[in-house]
Amino acid sequence: MTRIAVVGAGANGSSIGADLIRAGEDVTLIEQWPAHVEKMRVDGLQIISPECEVHVQPDVRHFCQVAELRGRFDVVLMLVKAYDAPWVSRLIEPYLAEDGVLVGVQNGMTASVIAEAVGAERTLGCVIECSATMTDPGVVHRHTPASRSWFAVGTVDERGPAHRIPELARILGLSGTVEVFDDILAAKWMKLVSNSTLLVTSAILGLPMLDALRTPGYRDVMISAGNEALRVGVADGHPVLPIFGLAADDIRDPDRVVDIMTDKLFASFVVPGATTTVLQDWRKGRRSEVDDLNGHVVARGAAHGIRTPVNAQVVALAHRIEAGELSPDLSHLATMREALDQ
(Lines give C-alpha, C1' and ligand atoms only; values in the text may rest on other atoms or scores of the structure.)
Protein backbone atom coordinates (compact mmCIF):
# COMPACT_ATOMS: atom_id res chain seq x y z
CA MET A 1 0.00 0.00 0.00
CA THR A 2 1.19 3.52 -0.81
CA ARG A 3 2.45 5.28 2.30
CA ILE A 4 1.14 8.87 2.29
CA ALA A 5 1.92 11.90 4.43
CA VAL A 6 -0.18 15.05 4.53
CA VAL A 7 2.18 17.75 5.78
CA GLY A 8 0.15 20.72 6.94
CA ALA A 9 -3.16 19.41 8.25
CA GLY A 10 -4.97 22.72 8.38
CA ALA A 11 -8.43 23.19 6.91
CA ASN A 12 -7.66 21.86 3.42
CA GLY A 13 -5.03 19.37 4.54
CA SER A 14 -7.40 17.89 7.10
CA SER A 15 -10.20 17.71 4.54
CA ILE A 16 -8.07 15.81 2.05
CA GLY A 17 -6.51 13.65 4.75
CA ALA A 18 -9.91 12.64 6.08
CA ASP A 19 -11.06 11.59 2.60
CA LEU A 20 -7.96 9.43 2.16
CA ILE A 21 -8.37 7.85 5.59
CA ARG A 22 -12.03 7.05 4.87
CA ALA A 23 -10.94 5.37 1.64
CA GLY A 24 -8.58 3.07 3.54
CA GLU A 25 -5.29 4.71 2.52
CA ASP A 26 -2.20 4.57 4.75
CA VAL A 27 -2.07 8.22 5.84
CA THR A 28 -0.04 10.15 8.41
CA LEU A 29 -0.96 13.75 9.18
CA ILE A 30 1.88 16.09 10.19
CA GLU A 31 0.79 19.43 11.66
CA GLN A 32 2.34 22.44 13.39
CA TRP A 33 -0.65 23.69 15.48
CA PRO A 34 -0.19 21.86 18.82
CA ALA A 35 -3.80 22.24 19.98
CA HIS A 36 -5.09 20.81 16.70
CA VAL A 37 -2.76 17.82 16.94
CA GLU A 38 -3.77 17.05 20.53
CA LYS A 39 -7.48 17.48 19.79
CA MET A 40 -7.26 15.03 16.89
CA ARG A 41 -5.42 12.53 19.06
CA VAL A 42 -8.04 12.66 21.79
CA ASP A 43 -11.32 13.21 19.92
CA GLY A 44 -10.44 12.53 16.28
CA LEU A 45 -10.94 14.81 13.27
CA GLN A 46 -14.37 16.12 12.28
CA ILE A 47 -15.10 17.43 8.78
CA ILE A 48 -18.44 19.17 8.31
CA SER A 49 -19.51 19.79 4.70
CA PRO A 50 -22.78 20.48 2.86
CA GLU A 51 -22.92 16.84 1.78
CA CYS A 52 -22.05 15.00 4.98
CA GLU A 53 -20.25 14.99 8.30
CA VAL A 54 -17.13 12.85 8.58
CA HIS A 55 -15.31 11.71 11.70
CA VAL A 56 -11.97 9.91 11.49
CA GLN A 57 -9.21 9.00 13.94
CA PRO A 58 -5.98 9.93 12.18
CA ASP A 59 -2.37 8.98 12.83
CA VAL A 60 -1.09 12.51 13.52
CA ARG A 61 2.32 13.91 14.49
CA HIS A 62 3.63 17.30 15.59
CA PHE A 63 6.22 18.92 13.34
CA CYS A 64 8.64 18.52 16.23
CA GLN A 65 8.09 14.73 16.05
CA VAL A 66 9.15 14.35 12.43
CA ALA A 67 12.61 13.24 13.58
CA GLU A 68 10.95 10.29 15.32
CA LEU A 69 9.41 8.91 12.11
CA ARG A 70 10.48 5.47 10.95
CA GLY A 71 10.43 4.46 7.32
CA ARG A 72 9.76 6.72 4.35
CA PHE A 73 6.72 8.01 2.52
CA ASP A 74 5.89 7.21 -1.08
CA VAL A 75 3.76 10.33 -1.57
CA VAL A 76 3.91 13.55 0.44
CA LEU A 77 1.12 16.07 -0.03
CA MET A 78 2.34 19.40 1.33
CA LEU A 79 -0.39 21.86 2.31
CA VAL A 80 1.50 24.47 4.32
CA LYS A 81 1.56 28.17 3.48
CA ALA A 82 3.58 29.09 0.40
CA TYR A 83 6.16 30.93 2.51
CA ASP A 84 6.75 27.76 4.54
CA ALA A 85 7.40 25.61 1.47
CA PRO A 86 11.22 25.99 1.42
CA TRP A 87 11.93 24.86 4.98
CA VAL A 88 9.12 22.29 5.18
CA SER A 89 10.34 20.66 1.95
CA ARG A 90 13.77 20.25 3.53
CA LEU A 91 12.27 19.07 6.82
CA ILE A 92 10.42 16.19 5.14
CA GLU A 93 13.06 15.30 2.51
CA PRO A 94 14.85 12.68 4.68
CA TYR A 95 11.52 10.87 5.08
CA LEU A 96 10.63 10.82 1.38
CA ALA A 97 11.34 7.52 -0.37
CA GLU A 98 14.11 7.53 -2.96
CA ASP A 99 11.46 7.04 -5.64
CA GLY A 100 8.81 9.03 -3.75
CA VAL A 101 7.12 12.27 -4.81
CA LEU A 102 6.57 15.54 -2.99
CA VAL A 103 3.58 17.56 -4.17
CA GLY A 104 2.95 21.17 -3.17
CA VAL A 105 -0.84 21.21 -2.93
CA GLN A 106 -0.81 24.93 -2.21
CA ASN A 107 -1.06 28.42 -3.62
CA GLY A 108 1.90 30.28 -5.05
CA MET A 109 4.70 29.36 -7.43
CA THR A 110 6.43 26.96 -5.04
CA ALA A 111 7.37 24.13 -7.41
CA SER A 112 10.94 25.34 -7.92
CA VAL A 113 11.78 25.52 -4.21
CA ILE A 114 10.35 22.03 -3.72
CA ALA A 115 12.48 20.72 -6.58
CA GLU A 116 15.54 22.37 -5.03
CA ALA A 117 14.87 20.56 -1.76
CA VAL A 118 14.06 17.04 -2.98
CA GLY A 119 15.11 16.99 -6.64
CA ALA A 120 13.04 17.57 -9.77
CA GLU A 121 12.83 13.79 -10.25
CA ARG A 122 10.78 13.60 -7.03
CA THR A 123 8.62 16.69 -7.59
CA LEU A 124 5.13 16.97 -9.04
CA GLY A 125 3.17 20.22 -9.37
CA CYS A 126 -0.39 20.74 -8.25
CA VAL A 127 -3.14 23.35 -8.28
CA ILE A 128 -5.86 23.17 -5.63
CA GLU A 129 -9.33 24.69 -5.73
CA CYS A 130 -10.96 23.80 -2.41
CA SER A 131 -12.53 26.01 0.26
CA ALA A 132 -12.57 25.20 3.97
CA THR A 133 -12.38 26.98 7.32
CA MET A 134 -10.97 25.86 10.67
CA THR A 135 -11.40 28.03 13.74
CA ASP A 136 -11.46 25.41 16.48
CA PRO A 137 -8.91 22.57 16.68
CA GLY A 138 -10.13 19.24 15.41
CA VAL A 139 -13.13 20.66 13.52
CA VAL A 140 -13.12 21.74 9.86
CA HIS A 141 -15.98 23.34 7.94
CA ARG A 142 -15.42 22.31 4.34
CA HIS A 143 -17.37 24.57 1.98
CA THR A 144 -16.54 22.66 -1.20
CA PRO A 145 -17.04 18.92 -0.66
CA ALA A 146 -15.25 16.40 -2.86
CA SER A 147 -17.91 16.76 -5.55
CA ARG A 148 -16.98 20.45 -5.93
CA SER A 149 -13.24 20.36 -5.21
CA TRP A 150 -10.72 20.37 -8.06
CA PHE A 151 -7.03 19.60 -8.56
CA ALA A 152 -4.61 19.92 -11.46
CA VAL A 153 -1.41 17.87 -11.54
CA GLY A 154 1.63 17.58 -13.77
CA THR A 155 5.40 17.48 -13.99
CA VAL A 156 7.39 20.64 -13.36
CA ASP A 157 9.93 19.90 -16.12
CA GLU A 158 11.24 17.04 -18.26
CA ARG A 159 13.01 15.49 -15.27
CA GLY A 160 9.76 15.05 -13.37
CA PRO A 161 8.30 11.62 -12.53
CA ALA A 162 5.56 11.52 -15.15
CA HIS A 163 5.00 7.83 -14.42
CA ARG A 164 3.75 8.74 -10.93
CA ILE A 165 0.99 11.05 -12.17
CA PRO A 166 -1.69 8.31 -12.42
CA GLU A 167 -1.02 7.33 -8.81
CA LEU A 168 -1.23 10.94 -7.63
CA ALA A 169 -4.41 11.48 -9.64
CA ARG A 170 -5.94 8.41 -8.02
CA ILE A 171 -5.07 9.66 -4.53
CA LEU A 172 -6.31 13.22 -5.03
CA GLY A 173 -9.31 11.83 -6.88
CA LEU A 174 -10.55 10.55 -3.52
CA SER A 175 -11.02 14.19 -2.52
CA GLY A 176 -12.06 15.93 -5.74
CA THR A 177 -11.92 16.04 -9.53
CA VAL A 178 -8.42 15.78 -11.00
CA GLU A 179 -7.10 17.02 -14.34
CA VAL A 180 -3.62 16.39 -15.77
CA PHE A 181 -1.83 19.36 -17.37
CA ASP A 182 1.20 19.26 -19.64
CA ASP A 183 2.20 22.73 -18.40
CA ILE A 184 1.47 22.66 -14.67
CA LEU A 185 3.46 25.86 -14.06
CA ALA A 186 1.16 27.75 -16.41
CA ALA A 187 -1.81 26.23 -14.61
CA LYS A 188 -0.35 27.36 -11.29
CA TRP A 189 0.09 30.86 -12.67
CA MET A 190 -3.56 30.89 -13.74
CA LYS A 191 -4.43 30.06 -10.13
CA LEU A 192 -2.13 32.90 -9.06
CA VAL A 193 -4.09 35.21 -11.34
CA SER A 194 -7.29 34.11 -9.64
CA ASN A 195 -5.76 34.45 -6.18
CA SER A 196 -4.48 37.93 -7.00
CA THR A 197 -8.01 39.09 -7.75
CA LEU A 198 -9.68 37.85 -4.59
CA LEU A 199 -7.74 36.47 -1.65
CA VAL A 200 -6.03 39.58 -0.30
CA THR A 201 -8.33 42.20 -1.81
CA SER A 202 -11.46 40.91 -0.07
CA ALA A 203 -9.54 40.29 3.17
CA ILE A 204 -8.43 43.94 3.21
CA LEU A 205 -12.12 44.88 3.30
CA GLY A 206 -12.75 42.40 6.14
CA LEU A 207 -15.58 40.82 4.16
CA PRO A 208 -16.61 37.33 3.07
CA MET A 209 -15.88 36.77 -0.61
CA LEU A 210 -19.45 37.06 -1.90
CA ASP A 211 -20.10 40.17 0.18
CA ALA A 212 -16.98 41.78 -1.26
CA LEU A 213 -18.02 40.90 -4.82
CA ARG A 214 -21.37 42.64 -4.27
CA THR A 215 -19.73 45.81 -2.97
CA PRO A 216 -19.96 48.62 -5.56
CA GLY A 217 -16.58 49.43 -7.06
CA TYR A 218 -14.83 46.28 -5.80
CA ARG A 219 -15.03 44.23 -8.99
CA ASP A 220 -12.98 46.84 -10.86
CA VAL A 221 -10.15 46.31 -8.36
CA MET A 222 -10.37 42.52 -8.69
CA ILE A 223 -10.31 42.50 -12.45
CA SER A 224 -7.49 45.03 -12.69
CA ALA A 225 -5.33 43.06 -10.25
CA GLY A 226 -6.00 39.89 -12.21
CA ASN A 227 -5.26 41.51 -15.57
CA GLU A 228 -1.93 42.76 -14.24
CA ALA A 229 -1.10 39.22 -13.08
CA LEU A 230 -2.14 37.76 -16.43
CA ARG A 231 0.13 40.14 -18.37
CA VAL A 232 3.07 39.42 -16.07
CA GLY A 233 2.53 35.68 -16.43
CA VAL A 234 2.63 35.86 -20.22
CA ALA A 235 5.86 37.87 -20.01
CA ASP A 236 7.23 35.20 -17.66
CA GLY A 237 6.51 32.50 -20.27
CA HIS A 238 3.22 31.15 -18.90
CA PRO A 239 0.56 30.84 -21.60
CA VAL A 240 -3.08 31.52 -20.76
CA LEU A 241 -4.82 28.18 -20.15
CA PRO A 242 -8.51 27.21 -20.05
CA ILE A 243 -8.86 26.06 -16.43
CA PHE A 244 -11.50 26.46 -13.69
CA GLY A 245 -14.26 25.71 -16.18
CA LEU A 246 -12.94 28.00 -18.91
CA ALA A 247 -13.45 26.82 -22.48
CA ALA A 248 -11.02 27.42 -25.33
CA ASP A 249 -13.25 30.24 -26.64
CA ASP A 250 -13.14 31.95 -23.23
CA ILE A 251 -9.41 32.68 -23.52
CA ARG A 252 -9.35 34.01 -27.07
CA ASP A 253 -9.74 37.60 -25.87
CA PRO A 254 -7.07 38.32 -23.21
CA ASP A 255 -9.04 41.35 -21.99
CA ARG A 256 -11.98 39.11 -21.05
CA VAL A 257 -10.21 36.13 -19.47
CA VAL A 258 -10.13 37.40 -15.88
CA ASP A 259 -13.75 38.59 -16.07
CA ILE A 260 -14.96 35.21 -17.28
CA MET A 261 -12.77 33.22 -14.89
CA THR A 262 -13.97 35.28 -11.94
CA ASP A 263 -17.61 34.63 -12.78
CA LYS A 264 -17.05 30.90 -13.20
CA LEU A 265 -15.12 30.59 -9.93
CA PHE A 266 -17.77 32.43 -7.94
CA ALA A 267 -20.48 30.27 -9.51
CA SER A 268 -18.66 27.00 -8.81
CA PHE A 269 -16.59 27.38 -5.64
CA VAL A 270 -17.61 30.36 -3.49
CA VAL A 271 -20.37 29.91 -0.92
CA PRO A 272 -22.14 32.54 1.20
CA GLY A 273 -20.23 33.53 4.33
CA ALA A 274 -16.93 31.97 3.23
CA THR A 275 -13.87 34.11 3.86
CA THR A 276 -10.48 33.79 2.22
CA THR A 277 -7.55 32.10 3.88
CA VAL A 278 -5.90 35.53 4.15
CA LEU A 279 -8.68 36.97 6.33
CA GLN A 280 -8.69 33.78 8.39
CA ASP A 281 -4.95 34.20 8.98
CA TRP A 282 -5.32 37.84 10.01
CA ARG A 283 -8.10 37.01 12.44
CA LYS A 284 -5.77 34.46 14.04
CA GLY A 285 -2.96 37.02 14.27
CA ARG A 286 -0.91 35.30 11.57
CA ARG A 287 0.87 36.67 8.51
CA SER A 288 -0.67 35.99 5.13
CA GLU A 289 0.65 34.76 1.80
CA VAL A 290 0.40 38.22 0.22
CA ASP A 291 4.09 38.30 -0.72
CA ASP A 292 3.72 34.95 -2.53
CA LEU A 293 0.58 36.10 -4.36
CA ASN A 294 0.15 39.79 -5.23
CA GLY A 295 3.74 40.43 -4.11
CA HIS A 296 5.05 37.84 -6.55
CA VAL A 297 3.14 39.55 -9.36
CA VAL A 298 4.73 42.88 -8.41
CA ALA A 299 8.24 41.37 -8.25
CA ARG A 300 8.00 39.54 -11.56
CA GLY A 301 6.36 42.58 -13.15
CA ALA A 302 9.31 44.72 -12.10
CA ALA A 303 11.68 42.16 -13.61
CA HIS A 304 9.91 42.57 -16.97
CA GLY A 305 9.33 46.31 -16.74
CA ILE A 306 5.56 45.84 -16.41
CA ARG A 307 3.69 48.21 -14.10
CA THR A 308 1.43 46.58 -11.49
CA PRO A 309 -0.05 49.49 -9.50
CA VAL A 310 -3.14 47.68 -8.20
CA ASN A 311 -1.20 44.68 -6.92
CA ALA A 312 1.38 47.03 -5.39
CA GLN A 313 -1.35 48.93 -3.54
CA VAL A 314 -2.84 45.67 -2.31
CA VAL A 315 0.56 44.55 -0.99
CA ALA A 316 1.15 47.88 0.73
CA LEU A 317 -2.22 47.77 2.51
CA ALA A 318 -1.74 44.13 3.51
CA HIS A 319 1.67 44.90 5.01
CA ARG A 320 0.18 47.75 7.04
CA ILE A 321 -2.55 45.45 8.34
CA GLU A 322 0.00 42.81 9.32
CA ALA A 323 2.11 45.49 11.04
CA GLY A 324 -0.90 46.46 13.16
CA GLU A 325 -1.15 49.94 11.63
CA LEU A 326 -4.53 49.23 10.02
CA SER A 327 -7.42 46.82 10.48
CA PRO A 328 -9.37 45.21 7.64
CA ASP A 329 -12.15 47.63 6.76
CA LEU A 330 -14.44 48.54 3.89
CA SER A 331 -12.94 52.03 3.82
CA HIS A 332 -9.77 50.62 2.22
CA LEU A 333 -11.66 50.05 -1.03
CA ALA A 334 -11.17 53.73 -1.90
CA THR A 335 -7.42 53.37 -1.39
CA MET A 336 -7.27 50.33 -3.66
CA ARG A 337 -9.34 52.12 -6.29
CA GLU A 338 -6.83 54.98 -6.35
CA ALA A 339 -4.41 52.60 -8.06
CA LEU A 340 -6.81 52.09 -10.98
CA ASP A 341 -5.83 55.50 -12.35
CA GLN A 342 -2.08 55.04 -11.98
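A brief look at the structure comes next. (Residues numbered from 1 in each chain as written. Predicted model: local features only at pLDDT ≥ 70, side-chain atom pairs only at ≥ 80, totals over all residues. Heavy atoms only, no water.)

**Let's talk about the overall build of the protein chain**
Counted only if it meets this: Under the DSSP-based scheme used, a helix requires at least four consecutive residues in state H or I and a strand at least two consecutive residues in state E, with every element numbered from the N terminus. The globule rule is 2.2 Å times the number of residues to the power 0.38, and the radius of gyration it is compared with is taken over C-alpha atoms. Under the scheme applied here, a residue whose accessible area is under 20% of the maximum for its type counts as buried, over 50% as exposed, and between as partly exposed, the area being computed with a 1.4 Å probe on protein chains only. Should any heavy atoms of two residues lie within 4.5 Å, those residues are counted as being in contact. Computed with a 1.4 Å probe, the accessible areas rest on the Shrake-Rupley method; for each residue, only the protein chains presented here act as cover.
The helix and strand inventory of the protein chain stands at 13 helices and 12 strands. Taken against the 2.2 N^0.38 rule, which gives 20 Å for 342 residues, the C-alpha radius of gyration of the protein chain at 19 Å falls within 12% of a compact globule. By principal-axis analysis of the C-alpha atoms, the protein chain measures approximately 55 × 40 × 35 Å. When the 342 residues of the protein chain are sorted by exposure, 58% land in the buried category. In the protein chain, the proportion of contacts linking residues at least 24 apart, taken out of those at least 6 apart, comes to 73%. Surface summary for the protein chain: the accessible area is close to 13400 Å², and the carbon and sulfur share equals 50%.

**Quick look at the pattern of salt bridges**
Just so we agree on the cut-off: Any Lys or Arg side-chain nitrogen found within 4 Å of a carboxyl oxygen on Asp or Glu counts as a salt bridge.
A complete count under the given rule lists 19 salt bridges for this structure. Here Asp-281 ties to Lys-81 by a salt bridge, and the two come within 2.9 Å at their closest N and O atoms. In this pair, Asp-281 is assigned in helix α10 (residues 277-283) and Lys-81 in the loop between β6 (73-78) and α3 (85-92), connecting sequence segments 200 residues apart. In this structure, Asp-281 and Lys-81 share a single accessibility class: buried. For the salt bridge of Lys-191 with Glu-129, the shortest nitrogen-to-oxygen distance reads 3.6 Å. With Lys-191 in helix α6 (residues 184-205) and Glu-129 in strand β8 (residues 123-129), this residue pair connects regions lying 62 residues apart in the sequence.

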